[in-house]
Each structure stands twice: as structure tokens, then as C-alpha cells.
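Below are the chains, spelled out letter by letter.
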Amino acid sequence: MKKQEAEFGDVFGNGHDRFGFPDGIHRVTAGHGGEAILICGSEKTVLLDCGMAYCGDALVENLRQTLDGRPLDLILLSHSHYDHIGALPYVKQAYPDAVVYGAAKAQSILIRPGARQLMKDLGQTARDQYKPGSTKEIITDGLTVDVVIGEGDEISLGDETLIVMETKGHTDCSLTFVLEPLSMMFASESTGILEKIDYVHTPILKSYEDAMESYEKCKAYGARFLVLPHFGLLPEDFNETYWDFFEKEVENKRTYLRGLVGEGLTETEIFELYAAKYWDPIKEQEQPYEAFMINSKSIVKTLLKSL
Ligand SMILES: [Fe+2]
């Protein structure tokens, strides 16, 4: 593994570099929010997610430098959230021939004016927070899926292949990709986000049952390398621990909520307690408070339904 981004710290205390990808895989993330990973295959290049809109120009610059004259052939979307694909319109402007792949549900969501407006509003909030004083217009034209992909689809990059897994739970449009023959899984948010060495956030916004099915499926795949959203690469010997953490944390949250229901609290009261318990200013690095509150409301609603 090549040391690429050692400045991001020794999260595991053992010298592991969470952005130390093998040759041909590059972190091109340009700001706060979701990661943007560029894979340069033997024939094709592919960008996995784009990050937030406010850093779209910086992302394009990272892509130009890293691609070093190669075209950008494909863009794959893990799901339709603003912090993962807000910068897509800027990438499309710079690389109009790049073909965008995503779930059918993402395609239908992204043509809705209401969804685009929400993307714009959250994109502006993020811009104002992470780049104060910026007047950069948050554009949403270009937020489109050109080619619909789903479970079991294989996307050839030449000698390498990306296998598509539908992993609903966080959203109905969440996709996981596995790069073979390397056996590197780029997991979706349905199967959690490692926020601390001993804490996995479980952003199950849409369906508890779907999220648990996604968890079982991803764990059973047994990929050698696990790349987590908002985090990067896990040390290989941590994979099993990670899956255990995920499963336990989902149960912890459900137990906590079951207790509040038992006390006779209303959903609004439960939500307020949940938000106070789980908000941590450190989250502000990845997500403005407004976005946290929107997500928390969905998580509480979804997990209450599962009890
Ligand atoms: Fe998300």
C-alpha cells in the first residue's frame, strides 16, 4: 500500500493510512462531505461519488491533475444525497462525455424539482459553513443518471471489474461497488459510517429491514478490503470487528428508542432526546447541523417503525 495521505492521522494507532490505496486508486476528495475516489483501470477511468457542490471546482482540478491527460469515462453514484453528488454538475461541465451510472431510484429522484431544491439549499448551507464569503452559485443542472444499474451488474474497466450491489436502507437508491479482482468493497451508508475507532454511526433513514439485509449481504461477500463512506480504507484485520460494531449499534439505538417509547413519550419528544444524545460538534466537520437534524428525524421514524 502506498502512503498517500499520511497527514490525515493514525486513526488506528498502528500506522494504518486510511487513504493509502493501491496504485491506480486515488482519493480526489476536495473538501468536507463524502469522499470522491478515482479508479484508473487498464482501459477506463471511473469516479466514485463527487462530494459537495461548493468544492466542485477543486474536485475538477484534482481530477485533471490525477488523470494526467486520460479522459474521465464513468461516474458512479453511491446514492442521491447532496454531500456525495452535489459536485456532479461541475464534473459534468468539465467532462461532458463522462457517463453517469446510478440506481433507478436515484434517476427518478434527481429529476424532481423538490429534490433539486433541497440539494441546492443544503449545498448552500454547506458552502456558507465551509467556505465563508464564497458566492459560488450552487448549480443542480447536470444532476442526472444516464445509465441505470442494479444488483449484479458488472462494469468493466478493462482488466478490472466493478460489481454492483443494491444496498438499500440508508436510502432506496444506495449502491455498493466491489472492485475485482482486488476484492475492495466501497460500502454505502446503509452499512454504517465509522465515526470513531469504537463507534459506528448507523444512518438508517429509510428501512431497518433493508439495512439489515444489506449488512448481511455485504458481510457475506467477504471482501478483502473495506472502504467506508466518510472514512476510507479499514485495516484488513478490522473488517469483522466493524461488522460486529454495526450490528450492535443498530440494536443499541433500537433499545434506547424502545425505552423512550416505554416511558410514554411522543415521537417529537423522542426525536428531541435522540438529537441531543447523538449530536456531536465533531460531526460538523462532515455535515452541517441542519442536515444532521433532517437525517435524525428519518432515523428515529424508521427505527420506531421497526420496534
Ligand atoms: Fe447519505
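Named according to an unreviewed UniProt entry, the chain is MBL fold metallo-hydrolase originating from Hominibacterium faecale.

Caption draft 1: Structural detail: a negative patch on the surface. Taken together, the side chains of Glu216, Glu240, Asp244 and Glu247 make up a negatively charged region of the molecular surface. With three residues, the top contributor of residues to the negative patch is helix α7 (residues 239–262).

Caption draft 2: Geometry of the environment of proline 71. Locating proline 71 in the fold gives a position in the loop between α1 (56–67) and β4 (74–76). A residue is classified by how much of its surface remains accessible, and proline 71, at 48% relative accessible area, is partly exposed. For the pair proline 71 and alanine 98, spaced 27 residues apart in sequence, the C-alpha to C-alpha distance is 8.1 Å.

Caption draft 3: The arrangement of the packing of aromatic side chains in detail. Per the counting criterion, the structure on display carries 10 aromatic pairs. Where tyrosine 54 meets tyrosine 130, the ring centres are 5.9 Å apart and the plane angle is 35°; that geometry is what we call tilted. Of this pair, tyrosine 54 sits in the loop between β3 (45–48) and α1 while tyrosine 130 sits in helix α5 (residues 113–130), placing them 76 residues apart in sequence. The exposure class of tyrosine 54 is buried, given its relative accessible area of 8%. Overall, the relative accessible area of 14% leaves tyrosine 130 in the buried class. Pairwise contacts between aromatic rings join Tyr215, Tyr242, Trp243 and Phe246 into one cluster. Just above the ring of tyrosine 95 sits the side chain of arginine 64; from NZ or CZ to the centre is 5.6 Å. The side chain of lysine 277 reaches across the aromatic face of tyrosine 256, ending 4.7 Å from its centre.

Caption draft 4: Examining helix α9 (residues 289–306) more closely. With 18 residues, α9 should cover 26 Å at 1.5 Å per step; its first-to-last C-alpha distance of 26 Å lies within 8% of that length. Residues of α9 that are buried include every one of Ala291, Phe292, Ser296, Ile299, Val300, Thr302, Leu303, Leu304 and Ser306, and no others. Looking at the buried positions of α9, the neighbouring elements they touch are α2 (82–85), α5, β12 (199–201), α6 (208–221), α7 and α8 (267–278).

Caption draft 5: Quick look at the coordination of the iron ion. Taken together, His79 (NE2), His81 (ND1), His170 (NE2) and Glu189 (OE) make up the protein donors of the iron ion, found 2.2 to 2.6 Å from the metal. Considering all four donor atoms around the iron ion, the spread of angles at the metal, 70 to 152°, places the coordination shape in the irregular class. All donors to the iron ion come from one chain, and their sequence spacing reads H-x1-H-x88-H-x18-E. In this structure histidine 79 comes out as buried when scored by relative accessible area, which is 1%.

Procedures and definitions
Residues numbered from 1 in each chain as written. Predicted model: local features only at pLDDT ≥ 70, side-chain atom pairs only at ≥ 80, totals over all residues. Heavy atoms only, no water. Patch = residues over 30% accessible without salt bridge, like charges linked within 9 Å, V, L, I, M, F, W, Y side chains within 5 Å. Areas by Shrake-Rupley, 256 points an atom, 1.4 Å probe, with all protein chains shown as cover. Salt bridge = Lys/Arg side-chain N within 4 Å of Asp/Glu carboxyl O. Lys, Arg positive; Asp, Glu negative; His and termini not counted. Charge placed at Lys NZ, Arg CZ, Asp CG, Glu CD. Helix = DSSP H or I, 4+ residues; strand = E, 2+ residues; numbered from the N terminus. Buried < 20%, exposed > 50% of the residue type's maximum accessible area, 1.4 Å probe, protein only. Phe/Tyr/Trp six-rings, centres within 6.5 Å; stacked < 30°, edge-to-face > 60°. Lys NZ or Arg CZ within 6 Å of the ring centre and 35° of its normal. Expected span 1.5 Å × (residues − 1). Contact = heavy atoms within 4.5 Å. Donors = N, O, S within 2.8 Å, 3.2 Å for Na, K, Ca; no water. Tetrahedral: all angles 85-135°; square planar, octahedral: opposite > 155°, others 65-115°.

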